[in-house]
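Chain by chain, the residues:
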4 protein chains.
Amino acid sequence: MLIVMRHGATDDEIRRVVAVIEELGYRASPMPGAQRVAVGLVGNDGRVDASRLEGLPGVQEVIHVSKPYKQVSREWKEDSTVVRLPGGIAVGGTDVVTIAGPCSVESERQILEAARQVKDAGAVILRGGAWKPRTSPYSFQGLGPPGLKLLAKAREETGLLICTEAMDPEGVGYVAEVADIIQIGARNMQNYTLLRELGHARKPVLLKRGISATIEEWLLSAEYVLSGGNPNVILCERGIRTFETTTRFTLDLNAVPVLKKLTHLPVVVDPSHGTGHWEYVESMALAAVAAGADGLLIEVHPKPEEALSDGPQSLKPERFAALMTRLRKVAEAVDRDL
Amino acid sequence: MLIVMRHGATDDEIRRVVAVIEELGYRASPMPGAQRVAVGLVGNDGRVDASRLEGLPGVQEVIHVSKPYKQVSREWKEDSTVVRLPGGIAVGGTDVVTIAGPCSVESERQILEAARQVKDAGAVILRGGAWKPRTSPYSFQGLGPPGLKLLAKAREETGLLICTEAMDPEGVGYVAEVADIIQIGARNMQNYTLLRELGHARKPVLLKRGISATIEEWLLSAEYVLSGGNPNVILCERGIRTFETTTRFTLDLNAVPVLKKLTHLPVVVDPSHGTGHWEYVESMALAAVAAGADGLLIEVHPKPEEALSDGPQSLKPERFAALMTRLRKVAEAVDRDL
Amino acid sequence: MLIVMRHGATDDEIRRVVAVIEELGYRASPMPGAQRVAVGLVGNDGRVDASRLEGLPGVQEVIHVSKPYKQVSREWKEDSTVVRLPGGIAVGGTDVVTIAGPCSVESERQILEAARQVKDAGAVILRGGAWKPRTSPYSFQGLGPPGLKLLAKAREETGLLICTEAMDPEGVGYVAEVADIIQIGARNMQNYTLLRELGHARKPVLLKRGISATIEEWLLSAEYVLSGGNPNVILCERGIRTFETTTRFTLDLNAVPVLKKLTHLPVVVDPSHGTGHWEYVESMALAAVAAGADGLLIEVHPKPEEALSDGPQSLKPERFAALMTRLRKVAEAVDRDL
Amino acid sequence: MLIVMRHGATDDEIRRVVAVIEELGYRASPMPGAQRVAVGLVGNDGRVDASRLEGLPGVQEVIHVSKPYKQVSREWKEDSTVVRLPGGIAVGGTDVVTIAGPCSVESERQILEAARQVKDAGAVILRGGAWKPRTSPYSFQGLGPPGLKLLAKAREETGLLICTEAMDPEGVGYVAEVADIIQIGARNMQNYTLLRELGHARKPVLLKRGISATIEEWLLSAEYVLSGGNPNVILCERGIRTFETTTRFTLDLNAVPVLKKLTHLPVVVDPSHGTGHWEYVESMALAAVAAGADGLLIEVHPKPEEALSDGPQSLKPERFAALMTRLRKVAEAVDRDL
């Protein structure tokens, strides 16, 4: 950490910065420059709270040289984390894992049909929400607990694993009983009460990126879960908010190589939410695998035009099957299996 | 609502759109154009779920003519809402209300000192967090329930009202016992479990804008609270995320006149979080009042350089007092009182 | 085009809107709704100037149903444009075309060495700037005309085609004499004097997306060139500005399938500027090809650590050669050749 | 400048960084940390080109401690620049200066009428474009040279000074003959050929912020003009591009106090382009003056509903007159004159 002093900061002000650094238990290394003095904080273990330093008189700016996260960092743990699931499924290894299914569980018939269809096409995990965070209070909010029961039934019938969303600490308990992966939506990426609860959960967590979360903030949210005791976090890029409106969000595939450098956690990509239009899902799914993603989260609905949510971004089963064929070729081209 | 068909959509596809609109209980009005057909949905009461229509074959785009919110809209209720608080304080009337105090409650001495200082300068409501949502799990997270007790004590001693944050549904219960206004932070603006709980709370809610929330999404979050039964919502602009980095966020004062047009709810502005630097707080506070804000939320700390959170954006008490003097003049210039 | 009237607009105001539409030569179709009246403008040929309508009393909003561009649109010309270059090279056909080389021409030795290296690896077009738009007036600004001569020499020696940037109308003349493709940088995407000049140029234009240009604005800039008489425009996605800072820009690969739907023009991708770090170039280049890009623009420098500009995002020649091998496999997987 | 080495950088790599720094003529100060080494570059005069260092092996990141601009900086020149115009008008002094008029010059009658109306209301400078940069090639592009003549006539008749836009180097010559201030539009903020031309112009320049320009980039564009020999630059905030769509752009008033701290140049605000809707212009104009702006640029049209460009954001003359009365009160409240 580098504490940059203002042009003309007094010796007293510099001494005070040095004193506070030492008080916090680190070493201070002042560095005079042509225009101003900077004071290095040496020994940063990723837990320094910059607030104490930013407010000191004469301080212009605090520059972070070390990253503020620790356990999620690849510097802390060099080997990639492989999240192991029942049935030998692993996220973060050589295989590219496909999680597919409808946005929300709507009925027994719908979810069982979807499950069979995505299984036939080669998916290994079924997605489907029992609770849906919706921008408007007047939109369909999910079936709740009965939706979870239908997911359990789909697993029984097809052998697919289940990935479904928890929206609050109470929901984590319900979901953890049925799901193989607990999904946390973009709007809850900084719901810290929820993140702390997930630290104690005994199921892996799929943590979606907030729509305007920097990669650093996202990793800090993952750090909440890891530091709470749960090492099994899968990061899911799902599009960020930009000025562009031809897509619902801007799927940020750059996040894939950036995360691969910064963290050991696996990374999956959701091109359905990321683009918001089924027509763009295929191209972006292929691109995600080429970029190095460990998995895909894709919305597939038996009848998108009757979907209670996210119809416009859902693939029809036959399109999904065709996509899987193309995905396999690209996966092979980058030395992965699907 | 206007359903725009693709160039070359078939008659069957158009008939299907018409049928679905009628099935939803509205009237359909097809409108042939030179390049494509559009179908108007007539009778929209703000509760149409567009998903059903967006997914239909041949549909290119669904354009929203009516707003998706209702109870918060000025078209629904023309008169401005005035949120009435104990002691005759009102937010949304002629007075510009000042809410001031430290980011977090740190100790009895700190909060009582801050309370006396902001009261002397003319503030009428004390702010201070007992729980703090922090990006890093290693940062100070607030005192919790003991912090609430200290706030209660500060009220007793100074007569100031209390505005403090609830981070989860459980917290709403605790906070509602002590606070006069329940603050909801930016990260929780779309925490729907929390918003539903606030619909039943019997205290006014100060709802901060999410850092990348559109004004429409923000109003829909307020709609959750109103439609749950609580009409007393105060909107608080606190800066949005943009590419600019000289300020921590970009305080969006444009939101003030935009909200005044779209909604009857009162609007306050938080220039401390909005800019992230105490040096810019004064200018932006003056600007907020000139733009028509109904109140200000300002961080003041007896000793910003020792603050456990948000020191760099906190004003010293003497600067806050000087600001209040300047604010009074600007308030008068736009026919308001402070 | 749909002109949405305010809630409570008078009959006179509506009649006036109808009159102005008819005055502009189109047909008006009023459509009464539950909350407000909307007036459809029928016959829009993509040339209606909405300004006249937006300012009329009683008008709330003008909604564009048709696109404001015409000649670049796939509705106007369904077949993909293939830009044909000397030596049988074509951009927009089955082949994925690679344009590679240093950011700027620095010396004869540097550009000839670079040319040979990228040619050996399989590139068919050499990039390199003789003029460089630089944010700071104190940065290296390019060699100017001597740089162009060195590019001509590199072509002679290697047979590679040349793609280089023109920064102003005067520069178009110089560049067109030497270059096979005239590159227009992101900062000049809306330099209309320059775009008009390009309409008369007899060389193809590679038009980079402005760093905050919407896809619609980008297509309108291309429309300037096409409507000026030059049909050979290649669009180049090179990253947009967002809040994320781990990458220099956010390379928006979503633009590839979106453009493929909206326009017949070829699309290439520049992962070097898009990410700003050579470490991310490989992943994003592979992803671009998987997403359907018609070509790549990649910075390669014989010695990136000595580059006068853009060193950090330049690949070393051996890394570029390795990338080309991987690119070929991905291209084949999506039925393209490299 | 601080060169942060990767975790595990070798001694050789560090020595090389030191060598390059010394080669560039500065002093190197290595600073070992717990996780990595950082090397300080001492003596930075704002002209170091970081590219040479960013590309060196073992370098993780280059952090800029000093600002990359110099002559525009308040550290370089502490006293505020006052741009002096004919007739004793000064921008950057105690007076808040109002520049008002139509978006474009449309006819003699229109511009003379507008000139008289804004003069009567108290404006001192007339705005109006003879050339208009337009997103679409099919929109009205301005009258060109005849528009300039009409502006000259308006000055003769009313005594108002003239502020009008130049779009290219050639245009600077034309405009400089007639205008008292040469306006540079947002799209041309990084048109470096144009900026260099302005360095030789003998008229003050009003430099609008690019729609996605950081404040640092904006100041670097001003640095082009100052370093070219023209010290009279007025910065004009006119709204930046964000995700919010209720306003055309997001007028960033935070830029006012930020610029006042960083630079000695005067700052004016354009609430008309910044918001895009006349209804929001009044609130934001008042806010701009309260925030400390040195002037305002406001679109006023005798008949906004007939304007050939920007009608929706233009004020009617009577509204402008009423606004001027309110502005005077707010100006006084912050110890300025209007």
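This report concerns the structure included in the present document.

What counts, and where the lines are drawn
Residues numbered from 1 in each chain as written. Chains lettered and ligands numbered in written order. Predicted model: local features only at pLDDT ≥ 70, side-chain atom pairs only at ≥ 80, totals over all residues. Heavy atoms only, no water. Least-squares fit on C-alpha atoms with pLDDT ≥ 70 in both. Contact = heavy atoms within 4.5 Å. Axes fitted to C-alpha atoms, helices over the stretch in contact; angles between N-to-C directions. Helix = DSSP H or I, 4+ residues; strand = E, 2+ residues; numbered from the N terminus. Parallel < 35°, antiparallel > 145°, perpendicular 65-115°, else oblique. Left-handed = near helix turned anticlockwise from the far one by under 90°. Nonpolar A, V, L, I, M, F, W, Y, C, P; charged D, E, K, R; others polar. Buried area = accessible area lost by both parts, 1.4 Å probe. Salt bridge = Lys/Arg side-chain N within 4 Å of Asp/Glu carboxyl O. Polar contact = N/O pair within 3.5 Å; in protein donor to acceptor, adjacent residues only side chain to side chain.

**Brief notes about the relation of the copies chain B and chain C**
- Screw-axis analysis of chain B against chain C gives a translation of 0.0 Å along the axis, an RMSD of 0.0 Å, and a rotation angle of 180°. Considering both components of the superposition, the chain copies are consistent with a two-fold axis. Among all C-alpha atoms of chain B, that of F243 of chain B lies closest to the rotation axis, at 2.3 Å.
- Most of the interface of chain B is mirrored in chain C, where 100% of its interface residues again form contacts.

**A look at the relation of the copies chain C and chain D**
- Between the two copies, chain C and chain D, the superposition gives an RMSD of 0.0 Å; the rotation angle is 180° and the shift along the axis is 0.0 Å.
- A share of 100% of interface residues in chain C that are also interface residues in chain D marks the association as one of identical surfaces.

**Focus: the packing of helix 7 (residues 215-227) of chain C against helix 8 (residues 255-262) of chain C**
All names here are of chain C.
- At a minimum axis separation of 12 Å, helix 7 and helix 8 run at an interaxial angle of 50°. Between helix 7 and helix 8, the interaxial angle falls into the category oblique. The two elements helix 7 and helix 8 meet at a crossing, and its hand is right-handed. Seen from helix 7, the contacting residues are I215, W218 and L219; seen from helix 8, they are A255, V258, L259 and L262.
- Its residues assigned to classes, the contact of helix 7 with helix 8 comprises 7 nonpolar, no polar and no charged.

**A few points about the interface of chain C and chain D**
- Taken residue by residue, the interface counts 51 residues in chain C and 51 residues in chain D.
- Across the chain C/chain D interface, buried area totals approximately 4100 Å², and carbon plus sulfur atoms make up 48% of it.
- Summed over the three residues of chain C that lose the most area to chain D, namely T135, Y138 and E305 of chain C, the buried surface amounts to 17% of that side.
- Counting the contacts that link chain C with chain D gives 6 salt bridges.
- The salt bridge involving E217 of chain C is made with R241 of chain D; its shortest N-O contact spans 2.7 Å.
- In this assembly, chain C and chain D are joined by 23 residue pairs in polar contact (both at pLDDT 80 or more).
- Its residues assigned to classes, the side of chain C that touches chain D shows 16 nonpolar, 17 polar and 18 charged.

**So, the interface of chain B and chain C**
- Counting residues at the interface gives 27 residues for chain B and 27 residues for chain C.
- Of the roughly 2100 Å² buried between chain B and chain C, counting both surfaces, carbon and sulfur atoms make up 58%.
- Interface area lost by chain B to chain C is led by M31, V65 and E75 of chain B, which between them contribute 26%.
- The tally of links between chain B and chain C comes to 0 salt bridges.
- At the surface where chain B touches chain C, the tally comes to 0 residue pairs in polar contact (both at pLDDT 80 or more).

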